[in-house]
Amino acid sequence: ERAPPIEVFALNKAYVEDTFPQKVNLGVGAYRTDEGKPWVLPVVRHMEQKLAADETLNKEYLPVLGYEPLASAATRMLLGSDSASLKEGRATGIQCLSGTGALRVGAEFLAHIGKHSIVYSSNPTWGNHSLVFLNAGFTSYRSYRYWDAAKKALDFDGLMEDLRNAPENSVIILHACAHNPTGVDPTQDQWRQIADLIEERRLFPFFDSAYQGFASGDLDRDAWAVRYFDSRGFEMVCAQSFAKNFGLYNERVGNLTFVAKDRSVIEPVRSQITLLVRANYSNPPNHGARIVGTVLNDPVLTEQWKSHIKTMADRIISMRLGLRERLEKLETPGTWNHITDQIGMFSFTGLGPLAVDKLIADHHIYLLKGGRINMCGLNTGNIDYVAKCIHEVVTTTQEASL
Amino acid sequence: MSLISSLKIFSPSSLNTTQNALSVVSSRANSWWSHVEMGPPDPILGVTEAFKRDTNPKKMNLGVGAYRDDSGKPFILPAVKMAEAEIAKKNMDKEYSPISGSPEFCKATINLALGEDNEWTKNGLNATVQGISGTGSLRIGTAFLSAFFPGGKDLYMPTPTWGNHVPLAKHAGLGVKQYRYYDPKTCGFDFHGALQDIAKIPERSMILLHACAHNPTGVDPKPEQWAEMSKVIKEKKLFPFFDMAYQGFASGDIDKDAAPVRMFLKDGHQIALSQSYAKNMGLYGERAGAFSLICSSKEEAAATMSQLKIIIRPMYSNPPVTGARIATEILTNPSLRSQWLKDVKGMADRIISMRQLLRSNLAKEGSSRDWAHITDQIGMFCFTGMTPPQVEKLTKDFSVYLTKDGRISVAGITSKNVEYLAHAIHQVTK
């Protein structure tokens, strides 16, 4: 039987087929320049030219666990070079097929080897989390409260209550920063409390880090939560994606960082993950790994890359400011500070399904049913139009109040 | 707690050591992972590791299945280099591929397998998705069959088969069974054994077939034997799943190598097909491959396509683009395509000539054994027929590295070392 189309791709298809000249795509999560174009980072172009000219390179298979310079640099980028677990040899990295692939390998390991069967993610969360974990062998996927629709903020009490009631050994998916889809992150103090609870209830933390650097523009700042857990001595895994922060969406570059309490478990864990990878895809792709691995191990290239990240993060922050300002100026009903309180690529606007339908059908502005918009889809050329249309649908739609 | 009892002097420094020792012990006890055992060592990797450690200047690595040129070096196909230059000129973006890969790639790939003008693609009967090279394509295929195959969930495989077929199929939730294939007495195809076993397979089961250049034996059925197998498989209502990892690389002729696949379609089978560009385009690390289902209608193709995407998305969302772009550029650009056909024939020819040289050198050495299978077999691998003790001796005395089953990668043979190899093989088998 034909399966239902996957929402974000169906949305994109509809956008592409729309002939309305002022159409706006606030759907798929990819960065756009102010001209509304994809951006291949200059350091990436430079690397590709360098790689093409390098006669010593070939297309041989990478090791099963990937390109080691990439994996170790990615783990170091995540945990910070001061990390005790890194210094003590208790942390390791495994190249994976971008963030999704890292989640899948981590989930398969936790299910098959760790014998975990219950996983929690936030409500709402990235649409693919449940599918990844259930297909990886978890038998129960549950949610912990996260988005407070009335306050348009984190439902911290709900989150804590749900985690407190989670059975021991449950795996808890935590968005490291720039929560997808809401853009709402816990404060540092809230993270401390979450860590206390996870420790007390013997839950297993699984971080999903798809936006390190991309959220605030600062790699270290965006890694604060993961590093805090690391400093507390947690065993944990973290799926890392280089799709957004390197703009390497289609090269599928990712890393799975694994932190253990004891370095003696690292080799057995790696050998078991080797078997899982072998049975899935044998070894990961080379091209993107060489780009990221080379940049991360070269101080000059790393600085160049950091400036690109800051460019992207700054543009997004300015669009957040711009949208909020316009909605407040228009006196659009409701409060709009959440747009600048939130962080990263996405914003949970709080728009209800009727408003969303109207935005799409009447105004050719494409966003997901849950009201998530991709800030990258906004630019100086369309922000006035989008603000105006949001104002229009909010004032003319009978929906649960914002 | 022997760690503590062994410490007799309780000075501050040893107390520290005690605490450290205790914390090591307790950290293992507190760890989620102290029960995790080392997995079994990878046999082929083990061969390469041992090879690397060997200091004998005459050493040979006949383990790993990757093509080498006559200097023993990895080979980047001229067509690939040209394709990369063309692609660079286009300044393409890095946006997400569709879940199923680029339509252009998928079309070019299935048409490579079935022929440019084939009726199945023309009528929209194929559901084709990009996969992570051959392994990933097999993984998608086995996952699909595990979820949707209406018959028995055992996948019947030839004995022997590629080492990864079994864990891969099991991981996807399929059972694994065998049918006879290799005859160690002749070092050839056990045709009658295969037919007998295939005839005994329960109706509506799945059967895995290596389209060409059987891995690990190098033994392929002859065309008339394929025809017989097709007949029996049809009579028994079995579902054929072809693994084609060597199209073009086996005989040097892409149509000849794909003939069994095309024959089965003409005979009216609906098939599944996994393809890889690792060997025939030398794109090993770029992971370009595809999985296809040939269906009975456009609607079926669309339905199965949608389910294939649902399998892919929770694995890795969408596929890596670089290898696929190279393959597409080569296949759709006429001058690159003809360059590629030359390149792949060159690789196949070199392998064939190494087989001939090995056989003739064994004769020159005075070996009285029948080594005809060396040239009868095809593709990257040769099942020499050597026993494990002979293999061990070959490695120990001559620094020739191969897997215990006597399989050699012919790609590791060059015009400079073939005599040495023949000499060594003769010594251990005479």
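Residues numbered from 1 in each chain as written. Chains lettered and ligands numbered in written order. Predicted model: local features only at pLDDT ≥ 70, side-chain atom pairs only at ≥ 80, totals over all residues. Heavy atoms only, no water.

An unreviewed UniProt entry lists chain B under the name Aspartate aminotransferase, with Daphnia magna given as the organism. Database annotation for chain B, UniProt heading Cofactor (unreviewed entry): "pyridoxal 5'-phosphate". (UniProt positions renumbered as here; feature names shortened; annotations may be inferred.)

By the naming in an unreviewed UniProt entry, chain A is Aspartate aminotransferase, taken from Daphnia magna. Note on chain A: under the UniProt heading Cofactor (unreviewed entry), the record states "pyridoxal 5'-phosphate". Here chain A is described in UniProt, under the heading Sequence similarities (unreviewed entry), as follows: "Belongs to the class-I pyridoxal-phosphate-dependent aminotransferase family."

Visitor: Any chance you could break down the overall build of chain B for me, citing the residues and the numbers?
Guide: If you tally the helices and strands in chain B, you get 17 helices and 13 strands. When its C-alpha atoms are laid out on the principal axes, chain B stretches across 85 × 60 × 55 Å. Within chain B, the proportion of its 430 residues that are buried is 58%. Contacts in chain B between residues far apart in sequence, at least 24 positions, make up 74% of those at least 6 positions apart. Carbon and sulfur atoms make up 56% of the accessible area of chain B, which amounts to about 17800 Å² in all. (Helix = DSSP H or I, 4+ residues; strand = E, 2+ residues; numbered from the N terminus. Buried < 20%, exposed > 50% of the residue type's maximum accessible area, 1.4 Å probe, protein only. Contact = heavy atoms within 4.5 Å. Areas by Shrake-Rupley, 256 points an atom, 1.4 Å probe, with all protein chains shown as cover.)

Visitor: Please provide a residue-by-residue account of the overall build of chain A, values included.
Guide: Counting its secondary structure elements, chain A contains 16 helices and 13 strands. Here the C-alpha radius of gyration of chain A, 21 Å, is about what a compact globule of 402 residues would show, namely 21 Å. Along the three orthogonal principal directions, the C-alpha set of chain A runs to about 60 × 55 × 50 Å. Counted over contacts in chain A with a minimum sequence separation of 6, partners at least 24 positions apart contribute 76%. A total of about 15200 Å² of accessible surface is found on chain A, and carbon and sulfur atoms cover 51% of it. (Rg over C-alpha atoms; globule rule 2.2 N^0.38 Å.)

Visitor: Kindly report on the sheet that holds strand β8 (residues 239-244) of chain B, identifying the contributing residues and their values.
Guide: Residue and element names in this part refer to chain B. With mixed pairing, 7 strands are arranged side by side in an open sheet as β2-β10-β9-β8-β7-β3-β4. The strands lining the two open edges of the sheet, one partner per strand, are β2 (126-132) and β4 (175-180). Going across the sheet, the axis of each strand differs from the next one's by a mean of 25°, ignoring polarity. Note that β2 and strand β10 (residues 288-294) share 7 bridges and pair antiparallel. Among the inter-strand pairings, A127 is bridged to a residue of β10, identified as L293. Set on the sheet, helix α9 (residues 191-200) makes contact with β4 and β7 (206-210); between it and β4 the angle comes to about 140°. Across the sheet, helix α10 (residues 223-235) touches β7 and β8, and the angle it forms with β7 is around 170°. (Pairing = 2+ DSSP bridges. Axes fitted to C-alpha atoms, helices over the stretch in contact; angles between N-to-C directions.)

Visitor: Outline the pattern of salt bridges, supporting the account with residue identities and numerical values.
Guide: Within this structure, the stated rule accounts for 38 salt bridges over all chains. Of the charged contacts in the structure, one is a salt bridge between B:K94 and A:E48, with a shortest N-O distance of 2.6 Å. Note that B:K94 is positioned in the loop between α4 (78-89) and α5 (103-114) and A:E48 in helix α2 (residues 42-53), a pairing that runs across two chains. Classification of B:K94 by relative accessible area gives buried; the value is 5%. (Salt bridge = Lys/Arg side-chain N within 4 Å of Asp/Glu carboxyl O.)

Visitor: How would you summarise the environment of B:S100 if you had to cite specific residues and measurements?
Guide: All names here are of chain B. Relative to the helices and strands, S100 is located in the loop between α4 and α5. Taking the C-alpha atoms as reference points, S100 and A290, 190 residues apart in sequence, are found 9.2 Å from one another. Leave out the neighbours within four places in its chain, and S100 touches C106, T128, V129, Q130, M305 and K309.

Visitor: Report on the interface of chain B and chain A, specifying residues and quantitative values.
Guide: With 63 residues of chain B in contact, the opposing surface of chain A contributes 72 residues. For the pair chain B and chain A, the summed buried surface comes to about 5600 Å²; carbon and sulfur atoms form 56% of the total. Across the chain B-chain A interface, the total number found is 5 salt bridges. Across the pair A:E251 and B:K94 runs a salt bridge, and its minimum N-O distance is 2.9 Å. In this structure, the connection of chain B to chain A is made through 35 residue pairs in polar contact (both at pLDDT 80 or more). Counting only elements with at least two residues in the side of chain B that touches chain A, the list comes to α2 (12-30), α4, α7 (133-148), α8 (165-171), α12 (298-316) and α13 (322-332) of chain B. In terms of residue count, the dominant contributor to the side of chain B that touches chain A is α12(B) (9 residues). (Buried area = accessible area lost by both parts, 1.4 Å probe. Polar contact = N/O pair within 3.5 Å; in protein donor to acceptor, adjacent residues only side chain to side chain.)

Visitor: I'd love a proper account of the domain arrangement of chain A, names of residues and values included.
Guide: Residues and elements named next belong to chain A. Parsing chain A into structural domains produces domain 1 (7-40 + 313-396) and domain 2 (68-297). In this structure, domain 1 and domain 2 have C-alpha centres spaced 28 Å apart. Residue-level contacts link 19 residues of domain 1 with 18 residues of domain 2. A per-residue breakdown of the area domain 1 buries against domain 2 is headed by I343, F346 and F348, which together make up 39% of the total. Across the domain 1-domain 2 interface, the total number found is 0 salt bridges. Run the count over domain 1 and domain 2 and you get 6 residue pairs in polar contact (both at pLDDT 80 or more). Considered class by class, the residues forming the side of domain 1 that touches domain 2 number 10 nonpolar, 8 polar and 1 charged. (Domains from an automatic or database assignment. Nonpolar A, V, L, I, M, F, W, Y, C, P; charged D, E, K, R; others polar.)

Visitor: Any details on empty space enclosed by the protein? Residues and values, ideally.
Guide: Across all of its chains, the model carries 5 cavities of 30 Å³ or more by this definition. One number sums up the size of the largest cavity: a volume of about 110 Å³. Along the wall of the largest cavity there are 13 residues; nearest its centre are A:R104, A:V105, A:N280, A:Y281 and B:M315. Per-element tally for the lining of the largest cavity: the top contributor is helix α5 (residues 98-113) of chain A, with 4 residues. For the lining of the largest cavity, the residue count by class is 8 nonpolar, 3 polar and 2 charged. In this model, the second largest cavity occupies a volume close to 40 Å³. (1 Å grid on protein atoms, 1.4 Å probe; cavity = no way out; pocket = protein on both sides within 12 Å on 5 of 7 lines; lining within 4 Å. Points joined across faces, edges and corners; volume = space filled by probe spheres on them.)

Visitor: Residue-level account of the nonpolar core, with values.
Guide: Counting residues in each nonpolar core, the largest one holds 68 residues, and the members touching the most others are A:F109, A:F133 and B:W33. At 8 residues, the largest contribution of residues to this core is made by α5(A). Leave out the neighbours within four places in its chain, and A:F109 touches A:G114, A:F258, A:V269, A:Q272, A:I273, A:L276, B:W33 and B:V36. Formed by 64 residues, the second largest nonpolar core is a distinct cluster that contains A:Y31, A:L70, A:A289 and A:I390. (Core = buried A, V, L, I, M, F, W, Y, C linked by side-chain atoms within 4.5 Å.)

Visitor: Report on the domain arrangement of chain B, specifying residues and quantitative values.
Guide: Residue and element names in this part refer to chain B. Once the domains are mapped, chain B shows domain 1 (43-75 + 349-428) and domain 2 (96-332). Inter-centroid distance (C-alpha atoms) of domain 1 to domain 2 is 29 Å. Taken residue by residue, the interface counts 16 residues in domain 1 and 17 residues in domain 2. Summed over both sides, the interface between domain 1 and domain 2 buries roughly 1300 Å², with carbon and sulfur atoms accounting for 66% of that surface. Summed over the three residues of domain 1 that lose the most area to domain 2, namely I378, F381 and F383, the buried surface amounts to 42% of that side.

Visitor: Before we move on, could you go through the packing of helix α8 (residues 188-200) of chain A against helix α10 (residues 224-231) of chain A and cite the residues and values that matter?
Guide: In a packed pair of helices, the relevant descriptors are the angle between the two axes and the axis-to-axis distance. Residue and element names in this part refer to chain A. Across the interface, α8 lies against α10 with an axial gap of 10 Å and an inter-helix angle of 40°. Judged by the inter-axis angle, α8 sits oblique to α10. Along this stretch, α8 crosses α10, giving a crossing that reads as right-handed. Contact residues: Q188, W191, R192, I194, A195 and I198 in α8; W224, A225, Y228 and F229 in α10. Here the residues of the contact of α8 with α10 sort into 8 nonpolar, 1 polar and 1 charged. (Parallel < 35°, antiparallel > 145°, perpendicular 65-115°, else oblique. Left-handed = near helix turned anticlockwise from the far one by under 90°.)

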